[in-house]
Each structure stands twice: as structure tokens, then as C-alpha cells.
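Survey of secondary and tertiary structure
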Number of protein chains: 2
Amino acid sequence: MTYRLGIDLGGTSAKIGLVSERAKIITHTSVPTEGFPNAANVVDRIASGAFRMIGKKKIKSVGVGVAGDVDSKKGIVRVSPNLGWSQVRLGELFKKKFKTNVIIENDANAAAWGIYKTQVPSTIKNLIVMTLGTGVGGGIIIDGKLFSGATGSAGEVGHMVIDEKGPLCNCGQRGCLETYVGAPHLINRVKRDLVQGASSSLKQIDQNELTPKKISEAALRGDVYAQNIWKNVGYYLGLAVGDLIYLLNPQMVVFTGGIAQAKNLILLPLKEKLTQRPFRTPIQATKIKMADHAPDVGVIGASLL
Amino acid sequence: MTYRLGIDLGGTSAKIGLVSERAKIITHTSVPTEGFPNAANVVDRIASGAFRMIGKKKIKSVGVGVAGDVDSKKGIVRVSPNLGWSQVRLGELFKKKFKTNVIIENDANAAAWGIYKTQVPSTIKNLIVMTLGTGVGGGIIIDGKLFSGATGSAGEVGHMVIDEKGPLCNCGQRGCLETYVGAPHLINRVKRDLVQGASSSLKQIDQNELTPKKISEAALRGDVYAQNIWKNVGYYLGLAVGDLIYLLNPQMVVFTGGIAQAKNLILLPLKEKLTQRPFRTPIQATKIKMADHAPDVGVIGASLL
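Just so it is clear, the model here is predicted, and its values are computed rather than measured. (Residues numbered from 1 in each chain as written. Chains lettered and ligands numbered in written order. Predicted model: local features only at pLDDT ≥ 70, side-chain atom pairs only at ≥ 80, totals over all residues. Heavy atoms only, no water.)

Overview of the sheet that holds strand β10 (residues 136-142) of chain B
Sheet strands line up and pair through hydrogen bonds in the backbone, either parallel or antiparallel. Residues and elements named next belong to chain B. An order of β11-β10-β9-β12-β13 is seen for the 5 strands of this open sheet, with the pairing classed as mixed. Here the strands that pair on one side only, and so sit at the sheet edges, are β11 (145-147) and β13 (287-290). For this sheet the average axis-to-axis angle between neighbouring strands, irrespective of direction, equals 25°. Sheet analysis places β10 next to β11, joined by 3 bridges and oriented antiparallel. Bridge pairing links Ile142 to Lys145 in β11. Each of β9 (127-132), β10, β12 (252-256) and β13 touches helix α7 (residues 224-248); the most contacted strand, β9, lies at about 155° to it. (Pairing = 2+ DSSP bridges. Helix = DSSP H or I, 4+ residues; strand = E, 2+ residues; numbered from the N terminus. Axes fitted to C-alpha atoms, helices over the stretch in contact; angles between N-to-C directions. Contact = heavy atoms within 4.5 Å.)

What follows is the structure, given as C-alpha cells:
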């Protein structure tokens, strides 16, 4: 048996998984990535965690999904705000440790690849995966291959401009999709609304413990305010997905990440919004679905790159 | 010598060209497409015009670019508002006449292919071509192939929503890109502004003879009002192109069509707008250019499909 190593490298921790030929996680671990002086130290820490986990098993390849702007051809992380890195030759650092093939990708691309390889019928070769979490990212699969563009930057759906006069985004622009559907934006909106007197059962929750999950639970209990928060998410996602379908005419759009756990609370208003698009052929041809809950899809996707 | 036949089939006329192996037009003609009872009659008329033009020369293939929603795999025009067609088996109709390979494509895709094959360095394999005319269309080339999506509908850049509260589009939506840069919208805007007292040398032109070309000429003479019309076009194109670059990270974006003849009047404000995008890598990697003036690029592109 040979195995692949998948690593999902984020700003607070790295998830590491040993993945079988059948794309199943055999064993996994996690190490912190915060507080290290530089990237080489982070790679040291990941490698020691991985070697302890692997034992004497043989590894065929290492795939790494990193939160940041990645040049996957050269294995370089051009910039990762979350990790505080710029121009890191991450591929070389991993290669020195593991002495095997190493592939570096953007983490949203790795997750998209994981969804494509494990959750999608084999007839689907063109799809868009949108990762809805703290940030909003995306991966595009074309003709069964990850499409990463001229500099590895393709699929940046979270910073499509929905409304130039919209809310301020972390990136510096106004009205990015992320400002309508990203978790911190949603939570801040709820806090502000409640202070301003919105009527909702969410008032009874400690405001520091507000999460998308709590907002979903309230909505499912019949809380109209919470339902409207999700309707709004579905509306703006539907607006963006309409543009994506017009541009890329995919067979499928799949949502993953924490926010996607709101499922039909988002999906129904999203589909409603899509019915307003006048060109019916590409809209009707696109299956829209929420990914199955799979917190390790980034690790599996990285391992299969 | 063998030749290919290229046909650019629009709502008022069909341009027909005999194209050499080196993608040069040997001879060309044009026939009307208006006022015929059905598609078969239009194809009859095109075929008789083409046969007269071709004489005894041998044709290797026929490529047709049609204004409308096209299923290129099946050679079917699903709907063409300009031609008044729906569910026309255009491939079969042409095949009966020409008894050779026939390829049917959307006209913006055919033009994009023509630009790609005749005006772009061979190192460019990923690009977006935007056709700016009465309508606004697009074609996407990925890995050196025309990308037409699941139902042949990809590249519909003209109906990306720029502002949901924007001007009403012919398609029924509000704020499509086309409402900011399409020729009829620009001309109506100028007429309205002049009635409302805008100060411009364009007042001296018969309002029924206003064209994008006249607006360009006024701008180049120093007419500030006309310059602002183009600045506005560049601004909104820049907004849309920023989203396209974030999504597709192309090597190049090329503009063609009548509106693109305004060249730097559009290009400078467009590039200025792009400098506002915070993720610099994909933006800086994208070459932005106006296509060389080539009114036959749709015919040539169709012939090379």
C-alpha cells in the first residue's frame, strides 16, 4: 500500500492527513502554525508531526493547500496574510523534508479538488466550488482539471464586486461578495441589528458566542429575523452565481464551508434569485448543491493534487 | 489549395468569406438575412451567394458564427432574437447545401477565435475577448481552446450585473454591463444629456446621426463632455474586467467591435480603474489591449473553428 500526505495549512494550525489510494483518511493529526519565527520552522513542526503520524508507512507524494496567493508551478507562496509570509519557497522546504513529489496549491483550490474527487458524479467535468467561511474562496474545475489561471490566482469569487457602494471589505474594496456572505460580516450585522432593536431570539444568546450555526438554529426554530439573514445571504450568492453561470456555464456549482451548513436556508432564496435571469439555458443546466459535510475535504483534496 | 468558408450570420445580413490556409480572406460577399419566411430560406440565399463567389474552388469546411444561443455540439440555434429563430437545426441545413464539415458557433465566440488565431502572440493560451458593439458579448479561450461551457453559453459577459439598481437592459435585467457600454445605450445617454442642456460640440450634429465614432471624434477634439462619456465606459468596463481577472486570471483581455475603436479614450480610464484592485498579482499579469481593426474577424474566426 502506498499513501499520500495531505496538508491543509492555515494561519492557526495545519491539518495533516495520511490518505489512501481510495481517497480515505487513514490517520490524521494537527499542529499549530502560529508563533513561529519563519516558514522553515513551521515546515519543521509539520514534518515532525507528520513523521510521528506516518511511522514506517511509505508516502508517494505530499500535497499542501495554503491560505494565500500561491504560484503552484514554482511551489512559491507569493503572499499569505494569515501566515505573515511573502515569497516563501514552500515547495523546496517541504521537498527537503519529505524527499518526494510536493505540490503546493491555494487552499480553496485544494478543497475544490477534494470535493470534485470525492463528492461529484463522474459525468461532471466543469464545476465551480465556492468555500463559504470566514473568507469566501473558490475553485474552478474545467475539463476535469483544476483551473488555476496564468498566475495561479483564478477562482477569486469572494472579491467579485456586487455593489460598489456596498460594505467595506477586509481587502480594501467595497461591496465584495464576501461582505454579504462571510461569517464575520454576518455576525457583525446581527450584533448591530440587535443593538438597534431587531426582534429575535438571538438576543438571548451571549453576543460573544454568536456563530453562523446559532443563526441557523434560530432560523430553523422559526425566528423570522434569523431567516431573513439567510435569505439575504442566498439573495447575494444567487446574484453572484448568476454571473458565474453566464460566464462559465458550468455543469454544477457546489458550496462548502461553515456557512454552507445553513443548507436550504440559503439554497432556496439562491435558486429563487436565479429564476430572475433571462437566459434560461445555462441557468437550468446548472445543478446547485451544498457539499456533504466533510471537514477534511481540504486535506483530502491537497493529497490528491 | 484548399479553402474554408466562414460565415458571420447576423440579423440583417450574412458576411461570407473564402479563407485561405493562412487565415486570409481571398474573396468575400454579403447577403441579406432579413425578410425571409424561415431559416431554410436564409440558408438557401447564403448558399447561392457563396457558390457564386466560390466558383470551382474546393471547400474543406464551413464555419458559421450566429448571433444567438447556440448548441455547437448539435449544430442547433436554440434561440436567436435577432433572426427570430428558435430550435433551428442550422448545421443540418448547411450540411445539405455544402456536403462538407459544418461547425456552428455563437458569433462572439467565432470572433474571439478569429482574434486568438490572427492577432495574439502564440505564448498566449488563456484570454478573454470582449466584443463591444450594439450588444456586448464575449469569448473565452482556455489552454488554446474555445471554452463554450456545458451548453455552449459561456462568455456571456454583457449581462454580468454591475449594479442591480442600474439602467434597464434589453434582456430584462437592470444594470447589465451592456447598459453601461453598449452603443445604443451610449447614444441614448448623449441624446438625453444634450436635451437636458449638457454643453458639448455634439449638439451641432443631427441627433439621428450620432454614432460612437462621432462621440470619439468629439472627444479627440477636446470635447470634455464626450471625453467623460468614454471615461464612464472605461470605468465600468474596468469594474467588470477586474471581476473577470479575479475569476479567470487570463494572460490577456482583448476588446473588439465598434465601441473598441475609441481605443485609449476607454483604455486609460479602464486601466486606472484596475489599479484600485487590491490583489495585484493577477491584475499585473494581464495584458489589456484593443484588437486591431478587423471587420472580418468574425468571418475568419468562423472559418477557423
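On we go from here.
Some points on helix α1 (residues 39-54) of chain A
Residue and element names in this part refer to chain A. With 16 residues, α1 should reach 22 Å at 1.5 Å per residue; the first-to-last C-alpha distance of 22 Å fits that figure. Within α1 the residues assigned to the buried category are Ala39, Val42, Val43, Ile46, Ala47, Gly49, Ala50, Met53 and Ile54. One face of α1 carries all of its buried residues, which in axial projection span an arc of 170°. The elements touched by buried residues of α1 are β1 (3-9), β2 (13-19), β3 (25-32), β4 (59-66), β7 (85-88) and α2 (90-98). Here α1 starts with a cap whose side-chain oxygen sits 3.0 Å from the backbone nitrogen of Ala40, and that cap is Asn38. (Expected span 1.5 Å × (residues − 1). Buried < 20%, exposed > 50% of the residue type's maximum accessible area, 1.4 Å probe, protein only. Arc of directions from axis to C-beta. Polar contact = N/O pair within 3.5 Å; in protein donor to acceptor, adjacent residues only side chain to side chain.)

Examining the interface of chain A and chain B
Counting residues at the interface gives 42 residues for chain A, matched by 42 residues for chain B. Of the roughly 3,400 Å² buried between chain A and chain B on both sides combined, carbon and sulfur atoms contribute 60%. Area buried by chain A at its contact with chain B is led by Glu164(A), Leu247(A) and Asn249(A), which between them contribute 19% of it. On the surface where chain A and chain B come into contact, there are 2 salt bridges. Salt-bridge contacts for Lys273(B) lead to Glu164(A); the nearest nitrogen and oxygen are separated by 2.6 Å. (Buried area = accessible area lost by both parts, 1.4 Å probe. Salt bridge = Lys/Arg side-chain N within 4 Å of Asp/Glu carboxyl O.)

Let's talk about the packing of aromatic side chains
Any aromatic ring pair is given by two values, namely how distant the centres are and how the planes are angled relative to each other. According to the stated counting rule, one finds 12 aromatic pairs over all chains in the structure shown. Where Tyr235(B) meets Tyr236(B), the ring centres are 5.2 Å apart and the plane angle is 75°; that geometry is what we call edge-to-face. An aromatic cluster is present here, built from Phe51(A), Phe94(A) and Phe98(A) joined pairwise through their rings. The ring centre of Tyr246(A) lies 4.8 Å from the NZ or CZ of Arg277(A), which sits over that ring. (Phe/Tyr/Trp six-rings, centres within 6.5 Å; stacked < 30°, edge-to-face > 60°. Lys NZ or Arg CZ within 6 Å of the ring centre and 35° of its normal.)

Concerning the relation of the copies chain A and chain B
The two copies are related by a screw operation: chain A maps onto chain B through 180° of rotation and 0.0 Å of translation along the axis, at an RMSD of 0.1 Å. Taken together, the turn and the small shift mark the pair as related by a two-fold rotation axis. Of every C-alpha in chain A, the one belonging to Asp163(A) sits nearest the axis of rotation, 3.0 Å from it. (Least-squares fit on C-alpha atoms with pLDDT ≥ 70 in both.)

With respect to the nonpolar core
Membership of the largest hydrophobic core comes to 110 residues, with the highest contact counts inside it found for Met130(A), Phe255(A), Met130(B) and Phe255(B). Phe255(B) has contacts with Met130(B), Leu132(B), Leu237(B), Val241(B), Ala260(B), Leu270(B), Ile288(B), Lys289(B), Met290(B) and Ala291(B), leaving out every residue within four places of it along the chain. (Core = buried A, V, L, I, M, F, W, Y, C linked by side-chain atoms within 4.5 Å.)

Let's talk about the environment of Gln261(A)
All names here are of chain A. Tracing the backbone shows Gln261 in the loop between β12 (252-256) and α8 (264-274). Gln261 gets classed as partly exposed once you look at its relative accessible area, which sits at 33%. Each C-alpha atom, one on Gln261 and one on Ala291, is 8.8 Å from the other, the two residues being 30 residues apart in sequence.

Focus on the sheet that holds strand β5 (residues 69-71) of chain A
Residue and element names in this part refer to chain A. Taken in spatial order, the 3 strands line up as β5-β6-β7 in an open sheet, and their pairing is antiparallel. The open sheet has two edge strands, β5 and β7, and neither has a second partner. Sheet twist, expressed as the average angle between the axes of neighbouring strands with direction ignored, equals 15°. Taken together, the 3 bridges between strand β6 (residues 76-80) and β7 define a ladder with antiparallel strand orientation. Bridge pairing in β7 places Val79 opposite Ser86.

Some words on the pattern of salt bridges
Throughout the structure, instances matching the rule amount to 12 salt bridges over all chains. A salt bridge links Asp44(B) to Lys97(B), with the shortest nitrogen-to-oxygen separation between them at 2.8 Å. Remark: Lys97(B) occurs in helix α2 (residues 90-98) and Asp44(B) occurs in helix α1 (residues 39-54); sequence separation between them is 53 residues. A relative accessible area of 35% places Asp44(B) in the partly exposed class. For Lys97(B), a relative accessible area of 33% gives the class partly exposed. Here the salt bridges share partners, and the residues they tie into one network are Asp69(A), Asp71(A) and Arg78(A).

Some details on the packing of helix α5 (residues 183-195) of chain B against α7(B)
Residues and elements named next belong to chain B. Direction vectors running N to C along α5 and α7 enclose 140°, while the axes themselves pass 12 Å from each other. In the crossing of α5 with α7, the sense of the turn from one axis to the other is right-handed. Contacts from Leu186, Arg189, Val190 and Asp193 in α5 reach Tyr225, Ile229, Trp230, Asn232 and Val233 in α7. The class makeup of the residues in the contact of α5 with α7 is 6 nonpolar, 1 polar and 2 charged. (Left-handed = near helix turned anticlockwise from the far one by under 90°. Nonpolar A, V, L, I, M, F, W, Y, C, P; charged D, E, K, R; others polar.)

A word on the side chain of Ser153(A)
Structurally, Ser153(A) can be placed in the loop between β11 (145-147) and α4 (178-181). Since its relative accessible area comes to 10%, Ser153(A) is described here as buried. A distance of 2.7 Å separates polar atoms of two side chains, one belonging to Ser153(A) and the other to Thr151(A). Setting aside its immediate chain neighbours within four residues, Ser153(A) contacts Asp69(A), Arg78(A), Ser148(A), Tyr246(B), Asn249(B), Thr281(B) and Pro282(B).

A short note on the confidence of the model for chain A
A low pLDDT score tells you not to read the predicted coordinates there in detail. Summarising the model, chain A shows a mean pLDDT of 95, and 100% of its residues fall at 70 or more. Interface predicted TM-score (ipTM) for the complex: 0.93; the corresponding pTM is 0.93. (pLDDT = per-residue confidence, 0-100.)

Re the packing of α1(A) against α2(A)
All names here are of chain A. At their nearest, the axes of α1 and α2 sit 10 Å apart, and the two run at 35° to each other. When the axes of α1 and α2 are compared, the crossing they make is right-handed. Each of Ala39, Ala40, Val43, Asp44, Ile46, Ala47, Ala50, Phe51 and Ile54 in α1 lies in contact with α2, whose residues at this interface are Leu90, Leu93, Phe94, Lys97 and Phe98. For the contact of α1 with α2, the per-class residue count stands at 12 nonpolar, no polar and 2 charged.

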